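Descriptive analysis of the structure
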Amino acid sequence: MRPGAFCCLVLLFATGAAIANQVPPGSSPGLTGPQMRADLVYLRDVFGTKDKSFDARSHAAFDSFVNDAIGHVDSLDSPQFALDVARAVAIPHNTHTAAYPQAYFHSLPLRLWWFADGLYVVKAHPDFANLIGARIEKFGELAPQEALRRLRPYISGHEPWATWYSANWLVFLEPLHAIGASTSDDKANITFRLADGTEKTLQMQVRPSPDPTPNHELWAALIPDAKSLPHRWPHALDTTVVPLTYQQPVDLSGEVIGADRHVLYIRSNMIEPIGSESFDQKMTVIQQMLLKERPANIVVDLRLNTGGNFFNTLMFSEGLPRLVRKGGRVLVLVDGVTLSAAIVTAARLKYFGAGRTVFVGSPVADPGGFWAEGGNLTLPNSKIRVSYALQFEDWSKGCDDLDRCYWPSVAFGVKNVSLAPDILVQPRYADYAAGRDPVLAAALARVR
């Protein structure tokens, strides 16, 4: 829930995961046993009774886990406590029900991302710039997929989201130690497959200085910082033309692309304003462009979009497919970060496209049914933020029951919409590093 004069409207209308800028890793002080115990009791008795995504079985598991943690809290250090909080909150596997304990972890001097062919270094502290483009072969003795499997209980959400989100967690020393990928909290042996094909194992320690990026969204590693940013970390895309989807985040933008200017490309990273212009003002620009250019086809890029307020796109998602020329298509680009209000927008574009809307990319973050529309709590002593969900909605099967479902999903909902990609495209690292966008290329190939 975001602050503002219309807080009650935000509580009712905002559909978005609580993905705020993270607290700098490793910045929180140590906690005493009584402080941790009090926070765990608060987690059980306040958060545990507020969040509605727990069913009877998962709620029993949550209570059992937290009670066990309370029972041995005096043996925990602060990072272990933070990991227990994350694991407890992740039990219902609901993306909007999550904990943000990063301040209790220390980070390696790397930023990682999953591609179709593995986990790669896409950004690094200047002292480790030679590792950019390296593929992670092992964390200690664990292959990356095994590390992901062991880390999974600490990460909220369904599989596509949890996979991408793990790229952030796999640079934290304390979680790596917890899953058996290292022998201590202050260093980890990591084996890299370098760009030249050679294999190298390094003992990695905490980063020498923080990543100065102003954008700490989970997908920010994919987007290079401005060259003028002081102390910026080198990036994989520094020496190539940056594809449209990896340029600086936007709430809404549009441009005509293609040799014959027959495709309107619309991009969004957030379904609410980023700058001073309202979403309505941006939408008006898109509408004028659409009516002036009369493109034969439209691409709506919702990759790297974690949601926002889906009321901003209700008219857009219903009307846009009707404005495409006869025989044209709406191609919606999606990935494992496409979440919440972005899923709502995609589902409605497909429903109102009546067979003319095509999804291109990889599976979206959540299934069509999920719990959202909640808020945030802060544990009193540790200050760890936890997000909770209050309302159920289903943008795939549909939801007609007002006693069960969030009322806007009943009023504006759609039914029988498949959220699976019609054209499955999962980029490889070599494409990304060369500035190629195979997802957009596949969409454009469909309309030629």
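Residues numbered from 1 in each chain as written. Predicted model: local features only at pLDDT ≥ 70, side-chain atom pairs only at ≥ 80, totals over all residues. Heavy atoms only, no water.

**Brief notes about the overall build of the chain**
Secondary structure summary: the chain contains 13 helices and 18 strands in total. Computed over C-alpha atoms, the radius of gyration of the chain comes to 22 Å, within 12% of the 22 Å expected from 2.2 N^0.38 for 448 residues, which places it in the range of a compact globule. Across its three principal directions, the C-alpha atoms of the chain cover 65 × 60 × 35 Å. Sorting the 448 residues of the chain into buried and exposed places 56% on the buried side. Sequence separation of 24 or more characterises 70% of the internal contacts of the chain that already satisfy a separation of 6 or more. Total accessible area computed for the chain in this model is approximately 18,400 Å², and 54% of it derives from carbon and sulfur atoms. Treating the 42 positive side-chain charges of the chain as one cloud and the 44 negative ones as another, the clouds have centres 6 Å apart. (Helix = DSSP H or I, 4+ residues; strand = E, 2+ residues; numbered from the N terminus. Rg over C-alpha atoms; globule rule 2.2 N^0.38 Å. Buried < 20%, exposed > 50% of the residue type's maximum accessible area, 1.4 Å probe, protein only. Contact = heavy atoms within 4.5 Å. Areas by Shrake-Rupley, 256 points an atom, 1.4 Å probe, with all protein chains shown as cover. Lys, Arg positive; Asp, Glu negative; His and termini not counted. Charge placed at Lys NZ, Arg CZ, Asp CG, Glu CD.)

**Concerning the nonpolar core**
Formed by 84 residues in total, the largest nonpolar core has its most connected members in Leu-43, Val-85, Phe-139 and Phe-192. For Phe-139, the residues in contact, after removing those within four places along its chain, are Leu-112, Leu-119, Pro-144, Ala-147, Leu-170, Leu-176, Ala-181, Asn-189 and Ile-190. Ile-266, Leu-302, Ala-347 and Tyr-406 belong to the second-largest nonpolar core, a separate cluster that totals 37 residues. (Core = buried A, V, L, I, M, F, W, Y, C linked by side-chain atoms within 4.5 Å.)

**Describing helix H6 (residues 159–169)**
Buried residues dominate H6, accounting for eight of its 11 residues. When we look at burial in H6, the residues that qualify are Trp-161, Ala-162, Trp-164, Tyr-165, Ser-166, Ala-167, Asn-168 and Trp-169. In the core, the buried residues of H6 are packed alongside helix H4 (78–89), strand S2 (98–100), strand S3 (110–115), strand S4 (118–124), helix H5 (144–151) and helix H7 (173–178).

**Some thoughts on the packing of aromatic side chains**
As enumerated under the stated definition, the model contains 20 aromatic pairs in all. Ring geometry for Phe-47 versus Phe-54: centroids 6.2 Å apart, planes at 80 degrees, classification edge-to-face. Owing to a relative accessible area of 0%, Phe-47 belongs among the buried residues under this scheme. Residue Phe-54 is classed as buried on the basis of its relative accessible area of 10%. Centroid distance Phe-311 to Phe-412: 5.8 Å. Interplanar angle 80 degrees. Geometry classified as edge-to-face. Here the residue Phe-311 occupies a position in the loop between strand S11 (307–308) and helix H9 (314–319), and Phe-412 occupies one in the loop between helix H11 (407–411) and strand S18 (423–424), the gap between them amounting to 101 residues. Under the relative-accessibility criterion, Phe-311 is labelled partly exposed at 25%. Phe-412 sits in the partly exposed class, given a relative accessible area of 30%. Of the aromatic side chains, those joined through ring pairs into one cluster are Phe-310, Phe-311, Trp-395, Tyr-406, Trp-407 and Phe-412. Between the NZ or CZ atom of Lys-50 and the centre of the ring of Tyr-388, over which it lies, the distance is 5.1 Å. (Phe/Tyr/Trp six-rings, centres within 6.5 Å; stacked < 30°, edge-to-face > 60°. Lys NZ or Arg CZ within 6 Å of the ring centre and 35° of its normal.)

**What to know about the sheet that holds strand S13 (residues 357–361)**
Strand pairing in a sheet relies on backbone hydrogen bonds. The paired strands run either parallel or antiparallel. Strand order in the open sheet formed by six strands is S8-S9-S10-S12-S13-S18, and the pairing between neighbours is mixed. In this open sheet, the two strands that pair with only one neighbour each are strand S8 (253–257) and S18. Bridging between strand S12 (residues 330–334) and S13 involves five bridges; their strand directions are parallel. Paired with Val-330 across the strands is Thr-357, a residue of S13. Against the sheet, helix H8 (residues 279–293) makes contact with S8, strand S9 (263–267) and strand S10 (297–301), and its axis sits at roughly 20 degrees relative to S8, the strand it touches most. Set on the sheet, helix H13 (residues 438–447) makes contact with S8, S9, S10, S12, S13 and S18; between it and S12 the angle comes to about 165 degrees. (Pairing = 2+ DSSP bridges. Axes fitted to C-alpha atoms, helices over the stretch in contact; angles between N-to-C directions.)

**Overview of the sheet that holds strand S16 (residues 385–388)**
Read from one edge of the open sheet, three strands run S2-S16-S15, paired in antiparallel fashion. Bordering the open sheet on either side are S2 and strand S15 (375–378), each of which pairs with just one other strand. When the angles between neighbouring strand axes are averaged without regard to direction, this sheet yields 25 degrees. Here four bridges tie S15 to S16, and the two strands are oriented antiparallel to one another. Opposite Thr-378, over in S16, you have Arg-385 as the bridge partner. Where H4 meets the sheet, it contacts S2 and S16, and its direction lies at approximately 160 degrees from that of S2.

**Some points on the state of the cysteines**
In this structure the tally under the stated criterion is one disulfide. Disulfide pairing places Cys-399 opposite Cys-405 at an S-S distance of 1.6 Å. Across the S-S bond of Cys-399 and Cys-405 the torsion is about -55 degrees, and the bridge reads as left-handed. Looking at Cys-399, the relative accessible area reads 4%, which means it is buried. Owing to a relative accessible area of 3%, Cys-405 belongs among the buried residues under this scheme. (Disulfide = S-S within 2.5 Å.)

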